[in-house]
Amino acid sequence: MADSLVLNWNKRGVVAITASVTSQTLRVSRVEELLWSEPEEPKKNPKAAGESLKAFLRRAGMQSSAALVCIPRDSVVIRHLNVPRVSEDDLAEIVPLQAATRSAQSVDQLMVDFLPQPDQPGVELGSVLAATVSRSYTDAIRKTLEAADLEVRGFGLSSVGLAEIGLNFFPAKDREVLMSASLNGHQLEVAFVRDSVIQLMQTATIEEVSGEVIATEFRRMAFAAQQTLGELAVSQTVLFANSDDVQKLSESQALSVDNLSLISLEECSLVKIPQQLPENLNLNELVVPLGLLLNRESGKLAGLDFFNPRQKRIVADDSRRKLAIYAAGAVTLLSLAYYQFHSYVRDLDQQISQLELDESNYNSSLAGGKSVLEADAQLKEWLIRDTH
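Note that the coordinates shown come from a computational prediction; the quantities given were computed from them, not determined experimentally.

Now for the pairing of strand β3 (residues 26-35). Across nine bridges, strand β2 (residues 13-21) lies against β3 in antiparallel orientation. Looking at β3, one finds that Val15 is bridged to Glu33. Between β2 and the antiparallel strand that follows it, β3, lie four residues. Where β3 lies against strand β14 (residues 271-272), two bridges are found, and the strand directions are parallel. Residue pairing in the sheet places Arg27 in a bridge with Lys272 of β14.

Structure (structure tokens):
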């Protein structure tokens, strides 16, 4: 399978990854990092940023016609919204308007996508997990990719990739809750998955990387999840981190979390990493963009896309086509009626002609028998006279 280009977008620059998904592994071919200089920052000058990105990819030998962009969780606002139990088409109209009422920006200044949540027994309303990001933010990325001659495959969210890759390591059974987490420096990101649906995405900045701090943060996030989702018993927790942090945390007795698995990509059989990597790159930064690629190629979970968000399906206006069909049908019916009427009149004409022929024959027969009748009358008259 051909490699796909994934761009892990962040404030300081972009990590470019070429990788492919097979039935058993995520195979990474190349990883390079581009740091923006101040004049090239996408929000200030997307054209310059795009030209810089294009030259960077060419130098790295990472030629591609399209890119999937991974947007960081801290650039997006996530909210649970109560909504009527309607179709997803109707939700696509309702959710952006409702999300805008919770935002300082108007609906036309936002990009909104959402994940419908499972119905809860005894609860009248439905719910969605709504994600909003500033349209100016995604416009800057889109214009940067346009200047780099890259087609946009999508603007995905890092938490979706985190949930997807966690679920591929630990498939959750019905009603079981998976807590998939990633630690990059002092940034902790968490996604909760239940019934194959992402139900919560959280992020936090921690003061130090220690077992006690991580365990405290996990408990705080689980408590916040229960406040939103009700009773929530986490059956499995997976924490992705770089090898040094995994080593440090595995030795910490303060990290008292039930069913916890610590994973570093260096020791992960599911992901194949190349030997040559950018200097000072935190390898764990590859977790969420690779998970996002996995979600796009063979995902177990519904995802989010701020480039192609859920929208009401537009039904093509086929009134003209229907009118043409109805007109053709009417013409056919009229033609059939005319044919039947014409056939009926023709049959009547044939019957009249036959009756006229029969009348002529009868008249001829009567005319032929008149002389016989007259002779018979004369004979009778003669016989009567002769008798007398």
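Look at helix α5 (residues 211-229): 26 Å from first C-alpha to last across 19 residues, which is about the 27 Å you get at 1.5 Å a residue. For α5, every residue scored as buried is listed here: Gly211, Ile214, Ala215, Glu217, Phe218, Met221, Ala222, Ala225 and Leu229. The buried residues of α5 occupy one face: seen down the axis, they fall within an arc of 160°. Turned more than 90 degrees away from the buried face of α5, the exposed residues are Glu212, Phe223 and Gln227. A positive phi of about 85° marks Gly230, the residue just after α5.

This part takes up unusual backbone geometry. One non-glycine residue, Asp149, lies in positive phi territory at about 60°. Residue placement: Asp149 occurs in the loop between α3 (135-147) and β8 (151-157). Asp149 gets classed as partly exposed once you look at its relative accessible area, which sits at 48%. Positive phi values are uncommon outside glycine, yet Asp195 reaches one of about 55°. When its relative accessible area of 27% is taken as the criterion, Asp195 is described as partly exposed.

Here the focus is the sheet that holds strand β1 (residues 4-9). Note on sheets: strands pair through backbone hydrogen bonds, and any given pair is parallel or antiparallel. Overall, mixed pairing links the six strands, which are arranged β8-β4-β1-β2-β3-β14 in an open sheet. The open sheet terminates on both sides in strands that have one partner only, identified here as β8 and β14. Sheet strands in contact with helix α1 (residues 46-60) are β1, β2 and β3, and its direction is about 135° off that of β3. Where helix α7 (residues 287-298) meets the sheet, its contacts fall on β1, β2, β3, β4 (66-71), β8 and β14, and the angle it forms with β2 comes to roughly 45°.

All right, on to the pairing of strand β10 (residues 187-194) then. The buried fraction of β10 amounts to seven of the eight residues, a majority that puts the element mostly inside the structure. As paired elements, strand β9 (residues 177-184) and β10 share eight bridges and run antiparallel to each other. In the sheet register, Met179 faces β10, and the bridge partner there is Phe192. The antiparallel hairpin formed by β9 and β10 contains two residues in its connecting segment, where Gly185 sits at a positive phi of about 65°. Pairing between β10 and strand β11 (residues 197-205): eight bridges, direction antiparallel. Bridge pairing in β11 places Arg194 opposite Val197. Linkage of β10 to β11, two consecutive antiparallel strands, is achieved through a turn of two residues, within which Asp195 is found at a positive phi near 55°.

Conventions we followed
- Each residue is numbered by its place in its chain's sequence as written, counting from 1.
- At least 70 in pLDDT is required for a residue's local features to be given in this predicted model, at least 80 for side-chain atom pairs to be given and counted, and no such filter applies to totals for whole chains, interfaces and linings, which use all residues.
- To obtain the side-chain values, all non-hydrogen atoms of the structure were included, while hydrogens and water were left out.
- Paired strands, in this sense, are two strands between which DSSP finds at least two bridges.
- Secondary structure counts use DSSP, requiring at least four H or I residues in a row for a helix and at least two E residues in a row for a strand, with both numbered from the N terminus.
- One fewer than the residue count of a helix, multiplied by 1.5 Å, yields its expected span.
- To sort residues, take the accessible area from a 1.4 Å probe on protein chains only and compare it with the maximum for the residue type: under 20% means buried, over 50% means exposed, and anything in between is partly exposed.
- Here the arc refers to the directions that run from the helix axis out to each C-beta atom.
- Contact criterion: two residues are considered in contact whenever any of their non-hydrogen atoms come within 4.5 Å of each other.
- Angles here are taken between N-to-C directions and fall from 0 to 180 degrees, while the axes themselves are lines fitted to C-alpha atoms, restricted in helices to the stretch in contact.

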